[in-house]
Structures are given as C-alpha cells and as structure tokens.
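One letter stands for each residue in the lines below.
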Amino acid sequence: MKANPRRRATISRPLPLTALSTAMLLAACVPQPPAPSPSPVRSQAPRPAPTPTPAPQPVEPTTDWRDMAATPGDWTWGRTATGSQATFAGGLFSMRCNEARQTVTLLRASNEAGAQVPMSISTTEGTRALVAIPVPGGIAVSLDARDSLLDAMAFSRGRFAVEAAGSAPLYIPSWTEISRIIEDCR
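Computed from a predicted structure; not experimentally measured.

Draft legend 1. Spatial organisation of the state of the cysteines. Applying the stated criterion across every chain yields a total of one disulfide. In this model, Cys97 is linked to Cys185 through a disulfide, with the two sulfur atoms separated by 1.9 Å. An S-S torsion of about 120° defines the bridge between Cys97 and Cys185 as right-handed. Note that Cys97 is positioned in strand β3 (residues 93-98) and Cys185 in helix α4 (residues 176-185), a separation of 88 residues in sequence. Judged by relative accessible area, which is 1%, Cys97 ranks as buried.

The structure is reproduced here in structure tokens:
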C-alpha cells in the first residue's frame, strides 16, 4: 500500500499547530511577574514647632560657707603663762594652748548667756557640732590637742567657719598660727 502523500501532509500539519498551541497554553500557566506597584504617596507630617529657648533662671544665692566673704582681720600669736595663744581679728576668735593639759581651747567672742551654747566648726573635711560653755568674754570649747578637728582647721582650704547660737558666723583664714598652736600643745 502506498501512502498517500497528501495524507502525510495533512497529518503533519496538525503537529505544528498542536505544538504551538501547547506552548501557548504552557506560557499562559507560567506566572507573570507582578506589575510594579505604584509608589506610595508620602504625606509629610507637620514638623513640630521649634522649642523656644528657656529664659535663664535667676541664680539662687548660695549658702555654702566657702562662698562667703572672709571675716576681716589678721591672726596674731604669742606666748602665755600656760602655753601659747593665737587670736583672730582682735579677739573675735582665739585658740589657746594649755601645754600641761595638752588641750586647745577655742574661744568665740559672744554675748550669749546660758549653760550651754551650740557651736559648729566647718572645714573642707566637714562640719562638727560642739557644745560651748559661757566664759568671760564669750563661749569656749576645749579639745584634746590630738583632736582631728584641729588638723582639719589648720589644713582647711583657705578658711574655716565658726558658727555659734546668737552670734554672726565667722569665716576665718587658716594661717600658720593655727598650726603653731597645735604644735605647741602636742
């Protein structure tokens, strides 16, 4: 039997169409890349108003004794019958050494009367509360010559403060006379 040449041609035609349609169907099944989404419209948030610069606050007056003006006056030193004495500002404050007892008496000129008077000494190391007793011309506290308060007064940066009830505070320079009294008693 002889093959019909026409028939072959007819049969071979549908194959390219079938392949083409299959390719198109396959292409339709492949997912397409997503279309680019439109860029979002940025809405600008309103900027906050600039914060105004605060007005400078008035400076509060300080109550730190180291910032107070020094009490005017000078130290003097001299020998006494019992040891030595250093006096500041003509007697506003004195330190007396009793060599026999090895004590140093701190004397603050005052008109305060009473059995006991609170007194404090402030140095750069701190403040120490003391109880003074009335003596002629003021109030006094006696300390052992080795008391650390005496060293704190001698080595306080520039000055120390003496406060007593009923009297204005004294801001006294720590000069060499203080060290000399301490040395005399030790």
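Draft legend 2. Spotlight on unusual backbone geometry. For Ala89, which is not glycine, the phi torsion reads 50° and is therefore positive. With respect to the helices, strands and loops of the structure, Ala89 is situated in the loop between β2 (83-88) and β3. The backbone of Gln102 sits at a positive phi, close to 55°, despite the residue not being glycine. Along the polypeptide, Gln102 turns up in the loop between β3 and β4 (103-109).

Draft legend 3. Region of the structure containing the packing of aromatic side chains. Overall, the coordinates contain three aromatic pairs when judged by the stated rule. Ring centres of Phe93 and Phe160 lie 6.0 Å apart, and the angle between their planes is 65°; on these two criteria the pair is classed as edge-to-face. Of this pair, Phe93 sits in strand β3 while Phe160 sits in strand β8 (residues 159-164), and the two are 67 residues apart along the sequence. When sorted by exposure, Phe93 lands in the same class as Phe160, which is buried. Over the face of the ring belonging to Trp77 we find Arg180, whose NZ or CZ atom lies 3.4 Å from the ring centre.

Draft legend 4. Here's a closer look at the sheet that holds β4. If you walk across this open sheet you meet the nine strands as β1-β2-β3-β4-β7-β6-β5-β8-β9, and the pairing is antiparallel. Where the open sheet ends on each side, the last strands, each with one partner, are β1 (75-79) and β9 (170-173). With strand direction ignored, the average angle separating the axes of adjacent strands in the sheet is 25°. Both β8 and β9 contribute to a ladder of four bridges, which runs antiparallel. Its bridge partner being in β9, Arg159 is matched across the sheet by Pro173. Of the strands in this sheet, β3, β4, β5 (117-123), β6 (126-135), β7 (138-144) and β8 are in contact with helix α3 (residues 148-155), which crosses β5 at around 50°. Relative to the sheet, α4 contacts β1, β2, β3, β4, β8 and β9, its axis offset from that of β1 by approximately 25°.

The rules we used
- Residues numbered from 1 in each chain as written.
- Predicted model: local features only at pLDDT ≥ 70, side-chain atom pairs only at ≥ 80, totals over all residues.
- Heavy atoms only, no water.
- Disulfide = S-S within 2.5 Å.
- Helix = DSSP H or I, 4+ residues; strand = E, 2+ residues; numbered from the N terminus.
- Buried < 20%, exposed > 50% of the residue type's maximum accessible area, 1.4 Å probe, protein only.
- Phe/Tyr/Trp six-rings, centres within 6.5 Å; stacked < 30°, edge-to-face > 60°.
- Lys NZ or Arg CZ within 6 Å of the ring centre and 35° of its normal.
- Pairing = 2+ DSSP bridges.
- Axes fitted to C-alpha atoms, helices over the stretch in contact; angles between N-to-C directions.
- Contact = heavy atoms within 4.5 Å.

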